[in-house]
Amino acid sequence: MTQAIELTVTQKRPLTPSSVELTLAVPEELQTNFAFKAGQYLTLIQEIDHAEVRRSYSLCSAPSQNTWKVGIKKVSGGTFSTWAHDVLKEGASLSVLAPQGHFIISPSAEDQQHYLGFAAGSGITPIMGMIQEVMALAPLAKFTLVYANQSPEEAMFLEELELLENNHPDRFKMILFYSRASVQNTRFGRIESGTIKHLFQNELAGVTFDQFLLCGPEQMIQTLKEVLPQFGASADRIHDELFFSSAEGALEVKEGQCALTIVLDGESTVLHIDKNTPVLDAVLKHDLDPPYSCQGGVCSSCIAQVTQGQAQMIKNQILTDSEVAEGLVLTCQALAQSDQLTVDYDQA
Ligand code: FES
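What you see is a predicted model, and the numbers here were worked out from it, not measured in a lab.

Analysis parameters
By convention here, each chain's residues receive numbers from 1 onward along its written sequence. It should be noted that, the model being predicted, local features are given only for residues of pLDDT at least 70 and side-chain atom pairs only at 80 or more, the latter also being counted only at that level, while totals for whole chains, interfaces and linings use all residues. In DSSP terms, a helix is any run of H or I states spanning at least four residues, a strand is any run of E spanning at least two, and both are numbered starting from the N terminus. Burial is judged by counting the other C-beta atoms within 10 Å of a residue's own C-beta: 20 or more makes it buried, 12 or fewer makes it exposed, and any count in between marks it as partly exposed, with every C-beta position built from the backbone. Contacts are defined on C-beta atoms placed from the backbone: any two residues whose C-beta positions lie within 7 Å are in contact. Working definition: the nonpolar core is a set of buried Ala, Val, Leu, Ile, Met, Phe, Trp, Tyr and Cys residues, joined through C-beta atoms within 7 Å. Segmentation into domains, and thus their bounds, comes from an automatic or database assignment. Residues are grouped as follows: Ala, Val, Leu, Ile, Met, Phe, Trp, Tyr, Cys and Pro are nonpolar; Asp, Glu, Lys and Arg are charged; every other residue, Gly included, is polar. Every angle, taken between N-to-C directions, lies between 0 and 180 degrees, and every axis is a line fitted to C-alpha atoms, over only the stretch in contact when it is a helix. Angle categories are assigned with fixed cut-offs, so that under 35 degrees is roughly parallel, over 145 is roughly antiparallel, 65 to 115 is roughly perpendicular, and the rest are oblique. When the near helix sits turned anticlockwise from the far one by under a right angle, the crossing is termed left-handed; a clockwise turn instead gives a right-handed crossing. Directions from the helix axis toward the C-beta atoms define the arc.

Participant: Any chance you could break down the environment of S293 for me, citing the residues and the numbers?
Facilitator: With respect to the element layout, S293 can be found in the loop between α6 (279-285) and β15 (303-308). Of the residues examined, S293 has 23 C-beta atoms within 10 Å and is grouped as buried. Distance from S293 to C332, taken between C-alpha atoms, is 9.3 Å for residues 39 residues apart in sequence. Ignoring any residue separated from it by four or fewer positions in sequence, one finds S293 in contact with T43, R54, S56, L97, Q100, C299 and S301.

Participant: Can you break down the nonpolar core residue by residue, with the values?
Facilitator: The biggest cluster of nonpolar side chains holds 62 residues, and the ones touching the most others in it are L42, A119, I127, I131, V134 and I191. Setting aside chain neighbours within four positions, we find I131 in contact with F143, L145, L164 and F172. By size, the runner-up hydrophobic cluster in this structure holds 25 residues, among which are I273, V279, Y292 and A311.

Participant: Hey, could you go over the domain arrangement of the protein for me, with residue numbers and the actual values?
Facilitator: What the domain assignment lists for the protein is domain 1 (5-100), domain 2 (114-242) and domain 3 (257-344). With five residues of domain 1 in contact, the opposing surface of domain 3 contributes six residues. Those elements giving two or more residues to the side of domain 1 that touches domain 3 turn out to be β4 (51-58) and β6 (93-100). Residues that form the side of domain 1 that touches domain 3 fall into these classes: one nonpolar, three polar and one charged.

Participant: For the packing of helix α4 (residues 193-201) against helix α5 (residues 218-227), give the residues involved together with the corresponding values.
Facilitator: Two numbers describe a pair of packed helices, the interaxial angle and the distance between the axes. Look at α4 against α5: their axes get within 10 Å of each other, and the N-to-C directions meet at 45°. What the angle tells us is that α4 and α5 run oblique. As α4 runs across α5, the sense of the crossing is right-handed. Only T223, L224 and V227 of α5 make contact with α4, whose side of the interface consists of S193, I196 and K197. For the contact of α4 with α5, the residue count by class is three nonpolar, two polar and one charged.

Participant: Which residues make up α5, and what values go with them?
Facilitator: When we look at burial in α5, the residues that qualify are M220, I221 and L224. Buried residues of α5 fall within an arc of 95° about the axis and therefore sit on the same side. Looking at the buried residues of α5, the elements they touch are β7 (114-120), α4, β11 (211-216) and β12 (238-242).

This is the structure in structure tokens:
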């Protein structure tokens with residue numbers, strides 16, 4: 001289902017001074033469409049300052065709880081997160097797209113795996129849903145979480161996680177890192193190469209993990225992907241979701257105009273756009289109706305084929321090198337690099 005549905009915000013709960021949790025009421029007749037797997041996200045749509053803004057937020061509840069909750073951290077300069085934090089009220093209605101995303105687990109009663117999660121900051125949100133799902137549905141499975149924040153005050157879901165640890169002492173274990181606070185029984189620092197190696201050589205020594213779940217900033221994920229294989233993690237067992245990616249430095253943002261031809265639903269439209277404007281933004285401004293969701297290079301729903309000219313992506317964690325070589329682009333990330341560019345949504 002790609003159509004947005006109006007859902008009511010039944011609860012807005014502060015998690016930390018800079019983050020909130022929203023609970024959304026999904027009417028019974030829509031619950032099949034809104035069924036989700038632990039780790040998926042919702043795309044929320046809101047008109048803010050006369051412009052439609054879409055942002056994707058991970059579901060922090062577990063499917064087995066039959067509730068739809070998202071955690072939103074206020075980002076400095078973030079249009080949607082600031083609005084959700086400062087303006088949105090309980091009882092308001094939000095346009096929401098059905099759950100999406102491939103960073104998922106599906107634990108069952110037979111599951112005997114030991115999951116190892118690494119989360120930093122709001123990267124905890126999808127992993128929160130995963131931990132709750134494992135604890136609820138997989139009594140033979142275990143979960144170890146390494147969770148990094150600046151301080152306990154900034155750590156989303158800390159109380160809930162401590163409660164889970166108390167309720168499942170043999171199955172759920174948490175290792176906390178704080179980079180700006182010294183707290184007893186926690187580690188000082190960040191999730192980085194040295195601290196990860198130290199964990200595997202000490203606290204996690206001799207423990208076998210089956211699945212590795214990573215969610216946080218780009219640098220943390222890159223480091224973990226380099227270090228975890230040294231401790232027995234094969235690439236097919238490492239799963240990640242990138243939060244707050246940095247723009248890739250290699251991209252050259254060109255100045256000037258481009259004649260952009262958009263092929264969509266069998267029709268061609270020529271637009272004259274600035275080369276420093278992402279293709280999707282330009283297309284939306286011209287009242288065309290391309291597929292898209294997150295506008296953040298995360299969901300892949302905006303993929304199109306470049307059939308003439310060149311475009312480069314600001315960031316790309318989704319398309320493989322060979323797909324990029326074939327000319328596929330995430331249009332929300334694509335900037336024109338040539339004076340003429342043709343982007344075909346129908347061929348993607
Ligand atoms: S709209 Fe989600 S990746 Fe482009």
